[in-house]
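# Chains, contacts and geometry: an overview
The lines below spell out each chain.
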Amino acid sequence: MTKQEIADIYHRPLLDLIYEAATVHRNSNNYSEVQISSLVSIKTGGCSEDCAYCPQAARYQTGINVHALMQVDEVVELAKKAKNGGASRICMGAAWREVRNNRDFDRVLEMVKAVNDLEMEVCCTLGMLTREQAIKLKQAGLYAYNHNLDTSEENYSNIISTRTYADRLKTLQNVRDANLTVCSGGIIGLGETEEDRIGMLYTLCNLPQHPESVPINALVAIKGTPLENQQRVSIWEMVRMIATTRIIMPRTVVRLSAGRLEMSLPEQALCFMAGANLIFAGDKLLTTPNPSFNDDMQMFDILGLKPRKAFKNEPIL
Ligand code: SF4
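Residues numbered from 1 in each chain as written. Predicted model: local features only at pLDDT ≥ 70, side-chain atom pairs only at ≥ 80, totals over all residues. Heavy atoms only, no water.

As a matter of local geometry, the ligand sits amid Cys-47, Glu-49, Cys-51, Tyr-53, Cys-54, Gln-56, Ala-57, Ala-95 and Arg-163. The residue makeup of the shell around the ligand, split by class, is six nonpolar, one polar and two charged. (Near = heavy atom within 4 Å. Nonpolar A, V, L, I, M, F, W, Y, C, P; charged D, E, K, R; others polar.)

This is the structure:
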């Protein structure tokens, strides 16, 4: 798909765009199922990278509650709680530049094994990793690896200077080579242009295989980060981004991720209509507040949605 083709979709009148995305979604997926994923920050803060939006970068004074790598049993307890709350996927995030072959990585492998035994989809986001490390994770039972592109290739150096877009793409290739499913998306509201948003979707949709999962995040501006004064994106920008993602990658799970707390129920309903079919739930989305499981269950009831079970990555036709 060309950038122009994606731009033509992105710039459609909003109601036409939502209508088409909803149609694609109904034809490609079981639209009444929304997966609940829970995020566990297994190691928080102290990261050597300089991602301009991130409170976990050691160089920014954000007052974040820094903690070292959690113990395996702590993670398993949180995973059990999340499962009881309806989650079928756990995403374990560590604020690392890259995975190193050390005892911490061995502990992460144990966590993956233990959570996989709970019959939940296990996803990790641990920074850059080699093909060999990806294979080890796969062997431990990992289902997915998250590595976001964040923004377009052209805008990347405005947001992060400590690694390149090519590094990002290399890790995604290593993940694919290990036969893991890929979770990769980005953030809007970083000060990027609409062309950058389209550019990011262009890269994602032209990977050798569409990512199984694409998170669309709205920036949550955190005090102390270089982007602390960024204006919040409007719901219409989120819906436009979600709908375009749904149309160009019909079978991908489109995740309504960071920024959901600021959305009302009708706003979230619009996102589901436009094709979002996964939410992050639980008290915390890495380091920012997120609606609680109970609120989400009420929302599911009102909208007639049901939580999607684990390992149903193949959409129902
Ligand atoms: S690599 Fe991850 S944890 Fe580190 S600064 Fe960037 S987003 Fe934050």
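The next subject is the state of the cysteines. Following the criterion strictly, the structure yields zero disulfides and no others. Between Cys-205, a cysteine without a disulfide, and Cys-183, which holds the nearest cysteine sulfur, the sulfur-to-sulfur distance is 16 Å. (Disulfide = S-S within 2.5 Å.)

To continue, consider the pairing of strand β1 (residues 33–43). β1 sits mainly inside the fold: 11 of its 11 residues count as buried. Examined bridge by bridge, β1 and strand β12 (residues 306–307) share two bridges and lie parallel to one another. Residue pairing across strands places Glu-33 opposite Lys-306, the latter belonging to β12. Taken together, β1, helix α3 (residues 72–84) and strand β2 (residues 89–94) constitute a β-α-β crossover, and its handedness is right-handed. (Buried < 20%, exposed > 50% of the residue type's maximum accessible area, 1.4 Å probe, protein only. Helix = DSSP H or I, 4+ residues; strand = E, 2+ residues; numbered from the N terminus. Pairing = 2+ DSSP bridges. Right-handed = clockwise from strand over helix to strand, strands pointing away.)

Once that is clear, we can look at the pattern of salt bridges. For the structure shown, the criterion picks out 13 salt bridges. Here Glu-49 ties to Arg-163 by a salt bridge, and the two come within 2.7 Å at their closest N and O atoms. One end of the pair, Glu-49, is in the loop between β1 and α3; the other, Arg-163, is in the loop between α6 (156–159) and α7 (165–177), with 114 residues separating them in the sequence. You can call Glu-49 buried: its relative accessible area is 3%. You can call Arg-163 buried: its relative accessible area is 8%. Note that Arg-100 is salt-bridged to Glu-98, the shortest N-O span being 3.2 Å. Overall, the relative accessible area of 53% leaves Arg-100 in the exposed class. Judged by relative accessible area, which is 24%, Glu-98 ranks as partly exposed. One network of salt bridges, with partners in common, ties together Glu-49, Arg-97, Glu-98, Arg-100 and Arg-163. (Salt bridge = Lys/Arg side-chain N within 4 Å of Asp/Glu carboxyl O.)

Inspection of every chain in the model, using the stated rule, returns one aromatic pair. On the basis of an interplanar angle of 70° and a centroid distance of 5.1 Å, the ring pair of Tyr-156 and Tyr-165 is categorised as edge-to-face. Arg-26 extends its terminal NZ or CZ atom over the ring of Tyr-31, reaching a point 3.7 Å from the ring centre. The side chain of Arg-240 reaches across the aromatic face of Tyr-10, ending 5.9 Å from its centre. (Phe/Tyr/Trp six-rings, centres within 6.5 Å; stacked < 30°, edge-to-face > 60°. Lys NZ or Arg CZ within 6 Å of the ring centre and 35° of its normal.)

Turning our attention to the packing of α3 against helix α4 (residues 103–116). Direction vectors running N to C along α3 and α4 enclose 30°, while the axes themselves pass 9 Å from each other. Taken as axis vectors, α3 and α4 run roughly parallel relative to one another. Handedness of the crossing formed by α3 with α4: right-handed. Residues Val-72, Val-75, Val-76 and Ala-79 of α3 form the contact with α4, whose participating residues are Arg-107, Glu-110, Met-111, Ala-114 and Val-115. Residue classes in the contact of α3 with α4 are distributed as seven nonpolar, no polar and two charged. (Axes fitted to C-alpha atoms, helices over the stretch in contact; angles between N-to-C directions. Parallel < 35°, antiparallel > 145°, perpendicular 65-115°, else oblique. Left-handed = near helix turned anticlockwise from the far one by under 90°. Contact = heavy atoms within 4.5 Å.)

Let us now look at the side chain of Thr-245. Within the element layout of this structure, Thr-245 appears in helix α9 (residues 235–248). In contact with Thr-245, not counting residues within four places along its chain, are Leu-201, Val-214, Ile-216 and Val-254.

The next subject is the nonpolar core. Note that soluble globular proteins tend to have their nonpolar side chains buried in a common cluster. Core analysis: the largest hydrophobic core is formed by 94 residues, its most contacted members being Ile-42, Tyr-53, Met-92, Leu-126, Leu-137, Tyr-145 and Met-238. Top contributing element to this core by residue count: α9, with eight residues. Those residues in contact with Tyr-53, other than ones at most four positions away along the chain, are Asp-150, Ile-159, Ile-160, Ile-187, Leu-190, Leu-219, Thr-225 and Leu-227. Listed in part, the eight residues of the second largest apolar core include Cys-91, Tyr-143, Ala-144 and Leu-278. (Core = buried A, V, L, I, M, F, W, Y, C linked by side-chain atoms within 4.5 Å.)

This part takes up the environment of Arg-100. Locating Arg-100 in the fold gives a position in the loop between β2 and α4. In this structure the C-alpha to C-alpha distance between Arg-100 and Leu-129, which are 29 residues apart in sequence, comes to 8.0 Å. A polar contact of 3.2 Å, which involves the side chain of Arg-100, links it to the side chain of Glu-98. (Polar contact = N/O pair within 3.5 Å; in protein donor to acceptor, adjacent residues only side chain to side chain.)

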